[in-house]
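Working through the structure, step by step
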Amino acid sequence: MADRTRSSIEIAAAPGEVLDVIAAFEDYPEWAEQVKACSVLTEDGDGWADQVEFTLDAGAIKDQYVLEYDWAVAEDGTGVISWHLVRASLLKGLTGSYTLEAVGAGARVTYDLEVDLTIPMIGMLKRKAEKLIIDAALSELKKRVEG
């Protein structure tokens, strides 16, 4: 199994508030710079998104893909939101997770990501790209929640 890339950030909001922003997929194009379109395809019985389609434009990497989500979260918003790739054009694999923890009056969000492309890429460059994606996603999430 390939190495995963991980990073964390603290956000001045309760985990439940962070969870609400993560779960509002239709709003992603407003705050996630590389996401150009996003729509929920299916929901589970609890109203959580099950499958979500994304249109991504990250410069050299442009793709339309579907992710399937698993929501292992508590009432207070703590827990893990994980996903895996269902289908895509350029991406061969995409798995990841947000882990939400209460820290004082705020939240710590840890983002894990593993990307596998249909085109070959040197491991070091792939991990650097994953790190850039994670850092951008976390900083944009923080701005959206705290803004």
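Parameters at a glance
- Residues numbered from 1 in each chain as written.
- Predicted model: local features only at pLDDT ≥ 70, side-chain atom pairs only at ≥ 80, totals over all residues.
- Heavy atoms only, no water.
- Buried < 20%, exposed > 50% of the residue type's maximum accessible area, 1.4 Å probe, protein only.
- Helix = DSSP H or I, 4+ residues; strand = E, 2+ residues; numbered from the N terminus.
- Arc of directions from axis to C-beta.
- Contact = heavy atoms within 4.5 Å.
- Phe/Tyr/Trp six-rings, centres within 6.5 Å; stacked < 30°, edge-to-face > 60°.
- Salt bridge = Lys/Arg side-chain N within 4 Å of Asp/Glu carboxyl O.

Because each turn of an α-helix spans 3.6 residues, side chains separated by three or four positions in sequence point in the same direction. Along helix α1 (residues 15-23), the residues classified as buried are P15, V18, L19, V21 and I22. Relative to the axis of α1, the buried residues are bounded by an arc of 160° and lie together on one face.

The next thing to look at is the side chain of S97. By secondary structure assignment, the location of S97 is in strand β6 (residues 91-103). On the basis of relative accessibility, which here comes to 9%, the residue S97 falls in the buried class. Once you skip the residues sitting within four places of it in the chain, S97 turns out to touch R4, V80, I81, S82, W83, T110, Y111 and D112.

Tallied over the full model, the rule gives 13 aromatic pairs. With a centroid separation of 6.2 Å and an interplanar angle of 75°, the aromatic rings of F25 and W71 are classed as edge-to-face. Pair noted here: F25 is in the loop between α1 and α2 (28-31) and W71 is in strand β4 (residues 61-73), with a separation of 46 residues, a long-range link. Ring plane angle 40° and centroid distance 4.8 Å describe the contact between Y98 and Y111, whose orientation is recorded as tilted. Residue Y98 is found in strand β6, and its partner Y111 is found in strand β7 (residues 106-117); the two are separated by 13 residues along the sequence. In this structure, Y98 and Y111 share a single accessibility class: buried.

Inspection of every chain in the model, using the stated rule, returns six salt bridges. Residue R108 is joined to E10 by a salt bridge in which the shortest nitrogen-to-oxygen separation is 3.0 Å. In this pair, R108 is assigned in strand β7 and E10 in strand β1 (residues 5-11), connecting sequence segments 98 residues apart. The partly exposed category is assigned to R108, whose relative accessible area is 28%. Look at E10 and you get partly exposed, because its relative accessible area is 43%. In this structure, R144 and E30 form a salt bridge, with 3.0 Å as the shortest nitrogen-oxygen distance. Here the residue R144 occupies a position in helix α3 (residues 123-146), and E30 occupies one in helix α2, the gap between them amounting to 114 residues. According to the relative accessible area criterion, R144 is partly exposed, its value standing at 31%. The exposure class of E30 is exposed, given its relative accessible area of 56%. Connected via shared salt-bridge partners are E10, E101 and R108.

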